[in-house]
Amino acid sequence: MNITLPDGSIRELEQGSTGLDLASSIGAGLAKAALAVTVNGIQKDLNDPINEDSKVSIITIDSDDGLEIMRHTLTAQVLARAVKNLFPGTKLAIGPTITDGFYYDFEFKKAISPEDLDSIEKEMKKIISSNSLITKKLNTKEEAIEIFKLEGEPYKESIINDSEQEDGFQLYYQDDFKFVDLCRGPHIPSLKHIGAFKLLKIAGAYWKGDSNNKMLTRIYGTAWKNEKDLSAYLDRIEEAEKRDHRKLGKEMNLFHFQEEAPGMVFWHPDGWTIYRLLESYMRSNLELCGYKEIKTPQVLDRKLWEASGHWDKYRENMFITEIDEEHANEKRVNALKPMNCPCHVQIYNQGLKSYRDLPLRLAEFGSCHRYEASGTMHGLMRVRGFTQDDGHIFCTEEQIESETGLFIELLSRIYKDLGFEKFDIKLSTRPEIRVGSDEVWDKAEDALESAIKNLGLPYKLEEGGGAFYGPKLDFVLTDAIGREWQCGTFQADFNLPERLDAEYVGEDGSKHRPVMIHRAILGSFERFIGVLIENYSGKLPFWLAPVQVAVATIISDADEYANEIITKLSEVGIRCNADLRNEKISYKVREHSSTKVPVIIALGKREQENRTVSIRRMDSDKTETYELEEAIKILSEENTRPN
RNA sequence: GCUCAUAUAGCUCAGUGGUAGAGCACUUGCUUGGUAAGUAAGAGGUCACCGGUUCAAGUCCGGUUAUGAGCUCCA
């Protein structure tokens, strides 16, 4: 038979030859390095026979595929076995690879602790040092179930039972046949191919990812070709931790949280400065794009939420308030608003609207509260009290497409201004819990899909991910540590206008329902500021830095000059602080550098006498010296907000 | 919400059932200096909260709250 290699060359091998035979025929080095093969696009074990003319490529540790196969063997054959050796009676669930590593889910008889990871690692190294070969046996469903029954592995049984295939279940063994794991393979041919690894953490995870199921114990690990790659990876993690917005927020004194208000931000002066700068930037952009800003109440009667559908579909996320009857003679149930949309419809509904009023774009920096499950909160990224850069566009069905285009144009520009060049779009369709008929959902989904298609933008489909009132386009940014954050959103809603009775008079003189588009660009100020901090490692662009310039004296004789500079900088709108403390300049430089002040002006005898300033910029140890007036001009020119 | 872990000075963290600790920060003195930590002294604590075991609890046990990692969820 003929085997075609990736470079197009063809080799003739006997029928039934294996990947290993092929590798050997090419070279002894390759035979040694080969981990598995890809036969006609499907990964196979190195010892699987190849029975017909095929395109074959040999996988080594140097490819992503090879790395992944090694990680897979490490978790399924080594981690799982080590755990069973040390903790007999532990039941195995599943052990896949993930980005940069792997995990395995176990049901332990007795909970283990992170300290146990060391001993598990040692046991893994012991297993690896056997240099055992990995062999595979194929079994029918019945045989496989029988084997795992004997092994006492109910999760494996359940996986096999739920599988549609009838035979060809792959069971992998090591030399001593004392350990077996079910696996769709392939595995590396021998444990000697395992590279450098480290177990990272343990955490709970539901069986099959369903919160109704039992919570298993998951062990996470990472594995690489060699020690060098491993330590590079560990450095990368450490680097990422350094830019955690919670850590930087504390160091830069931007905000804090406390027990009495979990998930709600206490903004400190510098943090609030960033917030206000971002808000005013957004405000002017929205005004330019034809939005009218409004402000609506925080606490509203349950009746409105019943009408909007929130009471039914969203109540578990709402803060409900009751008036204390002992001290007030009114009995009323209110809710803190979790969304602004019903309020916006109330404003729309004031006064009769004509088709000439559409599209009507209402914007609100809307402060919302949502009762998020306690385990989901995460710094500024996921909070219970937050402010959306919210807006609702009331328009006709025909206007959806042009509004989508205008919105994406605005969003792209704003993301770019704020330092994000790239974003992904997701189209999320009807969820299980929803209001409105299927016909209305068909219409809304079609409208969004055709708008995004006509704009020629790539998007991913996310079935069932929509809001309860309508489908949506979500705009997802990737932050500096690779996490994705859903920020912008654009949701077509045919339901709320109906439920809250919004209408307009059409050209034909009769009444029609407008479509309502819910949209946000930043999503929430809180989350977006968190993303900004991580993206910039706290080193915000000049226009967004809460303190832009620190004026630090070297000798106390320069105090007066420092105050003069502060006054002049303030006059041109630069946010600056004087640091007149009795400290050495290097101490002051260190402190202002660690709080990420972009410009430090140091004033000594020289500057004072010549009326100059020397400027030191973030991440540079050089200084630039200018005449005072020139320096102010330069800094003032730099202090320009985008747009 | 679930699993596991954590909670000690403003911050970062030690602390072995028997008198509460360090570094930094803070205050005061000395020091007036040239670009990432001058120097000395002082002050600073209901060891998250509630209960239990014990002659004795920061330490052991139970509960509560918050936080962290992950899971589930995420308008």
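Structure report, in brief. As the structure is a prediction and not an experimental result, all values here were calculated from the model.

## Details of unusual backbone geometry
Right, on to step 1. The peptide bond linking Leu358 to Pro359 adopts the cis configuration, its omega dihedral lying at -5 degrees.
Right, on to step 2. Not every positive phi belongs to a glycine, and Asn40 is a case in point at roughly 50 degrees.
Right, on to step 3. Notably, Phe177 is not glycine yet its phi reads approximately 55 degrees, a positive angle.

## Quick look at the protein's contact with RNA strand B
Right, on to step 1. Residues in close proximity to RNA strand B total 55 residues, the closest being Arg370, Ser374, Ile554, Asn582 and Glu607.
Right, on to step 2. Near the protein, within 4 Å, the atoms of RNA strand B are sugar or phosphate in 50% of cases.
Right, on to step 3. Separating a phosphate oxygen of RNA strand B from a side-chain N or O atom of Tyr587 is a distance of 3.0 Å.
Right, on to step 4. Interatomic distance of 2.3 Å between a side-chain N/O atom of Glu607 and a base nitrogen of RNA strand B.
Right, on to step 5. Listed by contribution, the elements that provide at least two residues to the surface near RNA strand B are β12 (196-206), β13 (215-224), α8 (245-251), β26 (484-493), α18 (585-594), α19 (605-610) and β33 (612-617).
Right, on to step 6. Sorting elements by how many residues they give to the surface near RNA strand B places α18 first, with six residues.

## What about the pattern of salt bridges?
Where charged atoms of side chains with opposite charge meet at close range, the side chains can pair.
Right, on to step 1. On inspection of all chains with the given rule, the structure shows 46 salt bridges.
Right, on to step 2. Here Arg332 and Asp301 are joined by a salt bridge, their closest N and O atoms 3.1 Å apart. Pair noted here: Arg332 is in the loop between β18 (320-322) and β19 (333-336) and Asp301 is in strand β17 (residues 299-301), with a separation of 31 residues, a long-range link.
Right, on to step 3. You can call Arg332 partly exposed: its relative accessible area is 35%.
Right, on to step 4. You can call Asp301 buried: its relative accessible area is 14%.
Right, on to step 5. With a shortest N-O distance of 3.4 Å, Lys568 and Glu629 are connected by a salt bridge. Residue Lys568 is found in helix α17 (residues 559-571), and its partner Glu629 is found in helix α20 (residues 628-638); the two are separated by 61 residues along the sequence.
Right, on to step 6. The network of salt bridges with common partners includes Arg430, Arg434, Asp438, Asp442 and Glu445.

## Quick notes on empty space enclosed by the protein
Right, on to step 1. In total, this model carries one cavity of 30 Å³ or more according to the counting rule given.
Right, on to step 2. Residue lining of the largest cavity: Arg283, Leu286, Glu287, Tyr291, Glu293 and Ala363, and that is the complete set.
Right, on to step 3. Per-element tally for the lining of the largest cavity: the top contributor is helix α9 (residues 269-288), with three residues.
Right, on to step 4. Counted by class, the lining of the largest cavity contains three nonpolar, no polar and three charged residues.

Calculation rules
- Residues numbered from 1 in each chain as written.
- Chains lettered and ligands numbered in written order.
- Predicted model: local features only at pLDDT ≥ 70, side-chain atom pairs only at ≥ 80, totals over all residues.
- Heavy atoms only, no water.
- Near = heavy atom within 4 Å.
- Polar contact = N/O pair within 3.5 Å; in protein donor to acceptor, adjacent residues only side chain to side chain.
- Helix = DSSP H or I, 4+ residues; strand = E, 2+ residues; numbered from the N terminus.
- Salt bridge = Lys/Arg side-chain N within 4 Å of Asp/Glu carboxyl O.
- Buried < 20%, exposed > 50% of the residue type's maximum accessible area, 1.4 Å probe, protein only.
- 1 Å grid on protein atoms, 1.4 Å probe; cavity = no way out; pocket = protein on both sides within 12 Å on 5 of 7 lines; lining within 4 Å.
- Points joined across faces, edges and corners; volume = space filled by probe spheres on them.
- Nonpolar A, V, L, I, M, F, W, Y, C, P; charged D, E, K, R; others polar.

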